[in-house]
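Structure at a glance
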Amino acid sequence: MATAELPVAARRWARAPFYFNTAAHLIRIGREKATNLAELLDGISACPDESIFEHTFQTLREHHFIREGFSNDFAHWAFAACNEVGLAERLSAIDVREYTSVAALRERLITTIEEYLKQNPRSKDRAAFEPFYFCASELVVIPTPYVARNLQEFSEALQAVSLHSIHYHFDFSMWLESELDLGRVADRLNRIDIYTSTLEDVRRAILRIVQTAS
């Protein structure tokens, strides 16, 4: 991807540089395990909040790197390991963006599975092809060699960093506003919907905005 030449005004120095980091997630397998839908329901009811977050919000994060598959692990397991297509579709239809608490999302998952099992009681104890292991993850932040002191350098670095780095940073707009006084540019970045685009699309959208800044 070629670097566009930015307007002269957009090359002014920031008061403080932007340091690009990336992140990795260390997966921990929890105590809960499911070999059928009844056990999945029990596991979702009893597992820590971190596991619910891992198998929904974190899975949605990974979904940005691909264009196929379900956007949460419970739906994928119901489809691939249990052959319960109807349940997989119902679980996949849950939009985690509508939830501001793990407790509310957990309750929605429980209700969805309970309603499905009432309609399909024979599915409750049918053995899955493989077990579901409830997991959680810990974030490890890793520095990169990329540093930006103006929009020119920011544009160049943005093209070079990994998708994991782009996902990790939710503070691009904060830096633009506080260190470069580019509030309007920051507002345009904040309007990018990261949930309906792949991370490559997000990268391109940010580049279009900063490369036309003046």
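Below, the structure is looked at part by part. (Residues numbered from 1 in each chain as written. Predicted model: local features only at pLDDT ≥ 70, side-chain atom pairs only at ≥ 80, totals over all residues. Heavy atoms only, no water.)

**Notes on the overall build of the protein**
Assigned secondary structure in the protein consists of 10 helices and two strands. Seen in sequence order, the protein has helices and strands lined up from the N terminus as β-α-α-α-α-α-β-α-α-α-α-α. A sequence separation of at least 24 residues applies to 77% of the contacts in the protein between residues at least 6 apart. For the protein, the computed accessible surface area is about 11600 Å², with 51% contributed by carbon and sulfur atoms. (Helix = DSSP H or I, 4+ residues; strand = E, 2+ residues; numbered from the N terminus. Contact = heavy atoms within 4.5 Å. Areas by Shrake-Rupley, 256 points an atom, 1.4 Å probe, with all protein chains shown as cover.)

**Examining unusual backbone geometry**
Of note, Asn 83 is a non-glycine position whose phi angle comes to about 60 degrees, a positive value. Locating Asn 83 in the fold gives a position in the loop between α3 (73-80) and α4 (85-92). At Asp 181, a position not held by glycine, the phi torsion is positive, near 60 degrees. Mapped onto the elements, Asp 181 comes out in the loop between α8 (172-180) and α9 (183-190). Note on Asp 181: relative accessible area 52%, which makes it exposed. (Buried < 20%, exposed > 50% of the residue type's maximum accessible area, 1.4 Å probe, protein only.)

**Considerations on empty space enclosed by the protein**
Evaluated as defined, the whole model comprises one cavity of 30 Å³ or more. For the largest cavity, the calculated volume is near 30 Å³. Lining the largest cavity we find Leu 37, Cys 82, Glu 84, Ser 123, Arg 126, Ala 127 and Ala 128. Considered class by class, the residues forming the lining of the largest cavity number four nonpolar, one polar and two charged. (1 Å grid on protein atoms, 1.4 Å probe; cavity = no way out; pocket = protein on both sides within 12 Å on 5 of 7 lines; lining within 4 Å. Points joined across faces, edges and corners; volume = space filled by probe spheres on them. Nonpolar A, V, L, I, M, F, W, Y, C, P; charged D, E, K, R; others polar.)

**A short note on the nonpolar core**
Among the nonpolar cores identified, the biggest contains 30 residues, and Leu 40, Ile 44, Phe 74, Trp 77 and Leu 91 are the most heavily contacted of them. For this core, the secondary-structure elements that each account for two or more residues are α1 (37-46), α2 (49-63), α3, α4, α5 (102-119) and β2 (132-148). Examining the composition of this core, we find that seven residues originate from one element, α5, more than from any other. Beyond its immediate chain neighbours, meaning those up to four positions away, Leu 40 contacts Ala 34, Phe 74, Trp 77, Ile 113, Phe 132 and Phe 134. (Core = buried A, V, L, I, M, F, W, Y, C linked by side-chain atoms within 4.5 Å.)

**Examining the side chain of Asn 36**
When you line up the elements, Asn 36 lands in the loop between β1 (18-34) and α1. According to the relative accessible area criterion, Asn 36 is buried, its value standing at 10%. Excluding residues within four positions of it along the chain, Asn 36 makes contact with Trp 77, Lys 124, Asp 125 and Arg 126.

**With respect to the layout of surface pockets**
Gaps left between atoms show up when a probe the size of a water molecule is rolled over them. Of the volumes computed, that of the largest pocket is approximately 250 Å³. Along the walls of the largest pocket sit 14 residues, with His 169, Phe 170, Phe 172, Leu 189 and Ile 194 positioned nearest its centre. Broken down by element, the residue count for the lining of the largest pocket peaks at three residues, all from helix α10 (residues 199-211). The residue inventory of the lining of the largest pocket, partitioned by class, reads nine nonpolar, four polar and one charged.

**A closer look at the packing of aromatic side chains**
Under the defined criterion, the tally for this structure stands at 13 aromatic pairs. The interplanar angle of 85 degrees and the centroid separation of 5.3 Å between the aromatic rings of Phe 154 and Phe 172 together place this pair among those described as edge-to-face. One end of the pair, Phe 154, is in helix α6 (residues 151-160); the other, Phe 172, is in helix α8, and 18 residues separate them in sequence. In this pair, the class of Phe 154 matches that of Phe 172, namely buried. Here Phe 154 and Trp 175 contribute two aromatic rings whose centre-to-centre distance is 5.6 Å and whose plane-to-plane angle is 25 degrees, an arrangement assigned as stacked. Taken as a pair, Phe 154 in helix α6 and Trp 175 in helix α8 lie far apart in primary sequence, 21 residues in all. Here Phe 154 and Trp 175 have matching classes, each one buried. By way of ring pairs, the aromatic residues Phe 18, Phe 20, Phe 154, Phe 172 and Trp 175 are connected into one cluster. (Phe/Tyr/Trp six-rings, centres within 6.5 Å; stacked < 30°, edge-to-face > 60°.)

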